[in-house]
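Structural overview
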Amino acid sequence: QVQLVESGGDLVQPGGSLKLACAATGSIFSIYDMSWYRQAPGKQRELVAAITPGGSTNYAEFVKGRFAISRDNAKNTVYLQMNSLKPEDTAVYYCNGKTPWAVTFWGRGTQVTVSS
């Protein structure tokens, strides 16, 4: 059983930056597809960014140019660097991992609030 633990969520002013981290248990993290999702109150959970085991990335249109996903396989950790934050980025951010045999794991989420 893989466990994912997110950290780094906080209250930040518009235009500010945050870096989220997601630490995974287990020894085969390097073969997982990893993603960040978010869910705002009253809205469906949506994909923010994804990274393959080889480091290829994919972003939702609404974060392109502002957010960057990365991974450190030696630390079993995936990151989400968020810059130029907007109030509409306020949400709970969830880490997601998927194995090559299509088993999916979720973290419990970390709250990001963008407000002045």
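These remarks concern the structure in this document.

Parameters and conventions
Residues numbered from 1 in each chain as written. Predicted model: local features only at pLDDT ≥ 70, side-chain atom pairs only at ≥ 80, totals over all residues. Heavy atoms only, no water. Disulfide = S-S within 2.5 Å. Helix = DSSP H or I, 4+ residues; strand = E, 2+ residues; numbered from the N terminus. Buried < 20%, exposed > 50% of the residue type's maximum accessible area, 1.4 Å probe, protein only. Core = buried A, V, L, I, M, F, W, Y, C linked by side-chain atoms within 4.5 Å. Contact = heavy atoms within 4.5 Å. Salt bridge = Lys/Arg side-chain N within 4 Å of Asp/Glu carboxyl O.

With respect to the state of the cysteines
Put plainly, two cysteines are in a disulfide when a covalent bond ties their sulfur atoms together. Using the criterion set out here, one finds one disulfide in the structure. For Cys-22, the disulfide goes to Cys-95, at an S-S distance of 2.1 Å. When the S-S torsion is -85°, as for the bridge of Cys-22 with Cys-95, the disulfide is left-handed. Of this pair, Cys-22 sits in strand β3 (residues 18–24) while Cys-95 sits in strand β9 (residues 91–98); the two residues are 73 residues apart in sequence, bridging distant segments of the chain. The pair formed by Cys-22 and Cys-95 is uniform in burial state, with each residue classed as buried.

Concerning unusual backbone geometry
With a phi angle near 50°, Ser-84 is a residue other than glycine that sits in the positive phi range. Relative to the helices and strands, Ser-84 resides in the loop between β8 (77–82) and β9. Exposure remark for Ser-84: the relative accessible area of 42% places this residue in the partly exposed category. Look at Ala-102: it is not a glycine, yet its phi comes out positive at around 70°. Topologically, Ala-102 is positioned in the loop between β9 and β10 (104–106).

A look at the nonpolar core
Residues Met-34, Trp-36, Val-78, Leu-80, Met-82 and Tyr-93 are the most contacted members of the largest nonpolar core, which totals 29 residues. Of all elements in the fold, only β3, β4 (33–39), β5 (46–51), β7 (67–72), β8, β9 and β11 (110–114) reach the threshold of two or more residues within this core. Looking at this core element by element, the count peaks at four residues for β3. Leave out the neighbours within four places in its chain, and Met-82 touches Gly-16, Ser-17, Leu-18, Leu-20, Arg-66, Phe-67, Tyr-93 and Val-112.

Observations regarding the pattern of salt bridges
As enumerated under the stated definition, the model contains four salt bridges in all. A salt bridge links Arg-38 to Asp-89, with the nearest nitrogen and oxygen atoms 2.9 Å apart. One end of the pair, Arg-38, is in strand β4; the other, Asp-89, is in the loop between β8 and β9, with 51 residues separating them in the sequence. There is no split in this pair, since Arg-38 and Asp-89 are both buried. Among the ionic pairs, Asp-89 bridges to Arg-66, the shortest N-O distance being 2.7 Å. On the criterion of sequence distance, the pair formed by Asp-89 in the loop between β8 and β9 and Arg-66 in the loop between β6 (57–59) and β7 is long-range, its members being 23 residues apart.

Focus on the side chain of Asn-76
Turning to its location among the elements, Asn-76 is positioned in the loop between β7 and β8. According to the relative accessible area criterion, Asn-76 is buried, its value standing at 15%. In this structure, Asn-76 is in contact with Cys-22, Ala-23, Ala-24, Thr-25, Gly-26 and Phe-29, ignoring residues within four places of it in sequence.

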